[in-house]
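# Examination of the molecular architecture
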Amino acid sequence: MTMDNFLRFLQQLLTMADPADPDLVEKAENALRVVVDLVRSSHKVDTQTAFLMDCAINQFRHLLRFRDEFAGVRGKPMLNEQRRRRLRLALRPGC
């Protein structure tokens with residue numbers, strides 16, 4: 001999985017998970033963990049992306065609190081790209 005693919009996936013999870021609904025938060029967090037485990041087990045990930053995945057797992061609930069900064073918006077590809085860049089910086093400042 002490339003870093004771009006992972007950030008797109010993470011953005012989708014943040015878009016779907018409503019911080020006010022604990023059930024949705026848990027499902028999104030579980031989905032993140034399962035996908036990261038699958039990617040790691042398949043050895044189809046580079047070191048930088050794997051590190052970013054670990055950061056995402058550790059910071060997921062924090063990211064949800066600020067999901068309006070990262071969530072995707074239908075029909076706004078440029079805005080979504082900017083938000084993915086912001087998401088990457090939130091996970092690894094200075095990258």
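Going by the structure above, here's the rest.
Okay, so let's go over this structure. (Residues numbered from 1 in each chain as written. Predicted model: local features only at pLDDT ≥ 70, side-chain atom pairs only at ≥ 80, totals over all residues. Heavy atoms only, no water.)

### Brief notes about unusual backbone geometry
Even without a glycine there, the phi angle at His 43 is positive, about 60°. Along the polypeptide, His 43 turns up in the loop between α2 (22-42) and α3 (47-65). (Helix = DSSP H or I, 4+ residues; strand = E, 2+ residues; numbered from the N terminus.)

### Brief notes about the pattern of salt bridges
For the structure on display, the rule yields 7 salt bridges. A salt bridge links Arg 61 to Glu 29, with the nearest nitrogen and oxygen atoms 2.8 Å apart. Residue Arg 61 is found in helix α3, and its partner Glu 29 is found in helix α2; the two are separated by 32 residues along the sequence. A residue is classified by how much of its surface remains accessible, and Glu 29, at 12% relative accessible area, is buried. A salt bridge links Glu 81 to Arg 85, with the shortest nitrogen-to-oxygen separation between them at 3.7 Å. Here Glu 81 and its partner Arg 85 are both found in helix α4 (residues 77-91), 4 residues apart, which amounts to about one turn of the helix. For Glu 81, a relative accessible area of 26% translates into the label partly exposed. One salt-bridge network, in which partners are shared between bridges, spans Glu 81, Arg 84 and Arg 85. (Salt bridge = Lys/Arg side-chain N within 4 Å of Asp/Glu carboxyl O. Buried < 20%, exposed > 50% of the residue type's maximum accessible area, 1.4 Å probe, protein only.)

### Concerning the environment of Leu 63
Topologically, Leu 63 is positioned in helix α3. A C-alpha to C-alpha distance of 8.8 Å links Leu 63 and Leu 91, two positions 28 residues apart in sequence. Leu 63 has contacts with Leu 10, Leu 14, Phe 70, Leu 87, Ala 90 and Leu 91, leaving out every residue within four places of it along the chain. (Contact = heavy atoms within 4.5 Å.)

### Side note on α3
Over its 19 residues, α3 runs 27 Å from end to end, which matches the ideal 27 Å to within 8%, given 1.5 Å per residue. In the structure, α3 departs most strongly from a straight axis at Gln 59, where the bend amounts to approximately 65°. Of the surrounding elements, those touching the buried residues of α3 are α1 (3-16), α2 and α4. Put simply, Asp 46 is the residue that caps the front of α3, since its side-chain oxygen is 3.1 Å from the backbone nitrogen of Gln 48. (Expected span 1.5 Å × (residues − 1). Bend = angle between axes of the 7 residues up to and from the residue. Polar contact = N/O pair within 3.5 Å; in protein donor to acceptor, adjacent residues only side chain to side chain.)

### Digging into the packing of α1 against α2
Packed helices, taken two at a time, are described by the angle their axes make and the gap between the axes. Two elements in contact, α1 and α2, have axes whose closest approach is 9 Å; the angle formed by their N-to-C orientations is 165°. Regarding the angle of α1 to α2, the classification is roughly antiparallel. The way α1 lies across α2 gives a crossing that is right-handed. Across the interface between the two elements, Phe 6, Phe 9, Leu 10, Leu 13 and Met 16 from α1 touch Leu 24, Ala 28, Ala 31, Leu 32, Val 35 and Val 36 from α2. (Axes fitted to C-alpha atoms, helices over the stretch in contact; angles between N-to-C directions. Parallel < 35°, antiparallel > 145°, perpendicular 65-115°, else oblique. Left-handed = near helix turned anticlockwise from the far one by under 90°.)

### Quick look at the packing of α1 against α4
Between α1 and α4, the least distance of the axes is 10 Å, while the angle of their chain directions is 100°. Of the possible angle classes, the one that applies to α1 and α4 is roughly perpendicular. For the pair α1 and α4, contact is made by Met 3, Asp 4, Leu 7, Arg 8, Leu 10, Gln 11 and Leu 14 and by Asn 80, Glu 81, Arg 83, Arg 84, Leu 87, Arg 88 and Leu 91, respectively. Looking at the contact of α1 with α4, its residues break down into 6 nonpolar, 2 polar and 6 charged. (Nonpolar A, V, L, I, M, F, W, Y, C, P; charged D, E, K, R; others polar.)

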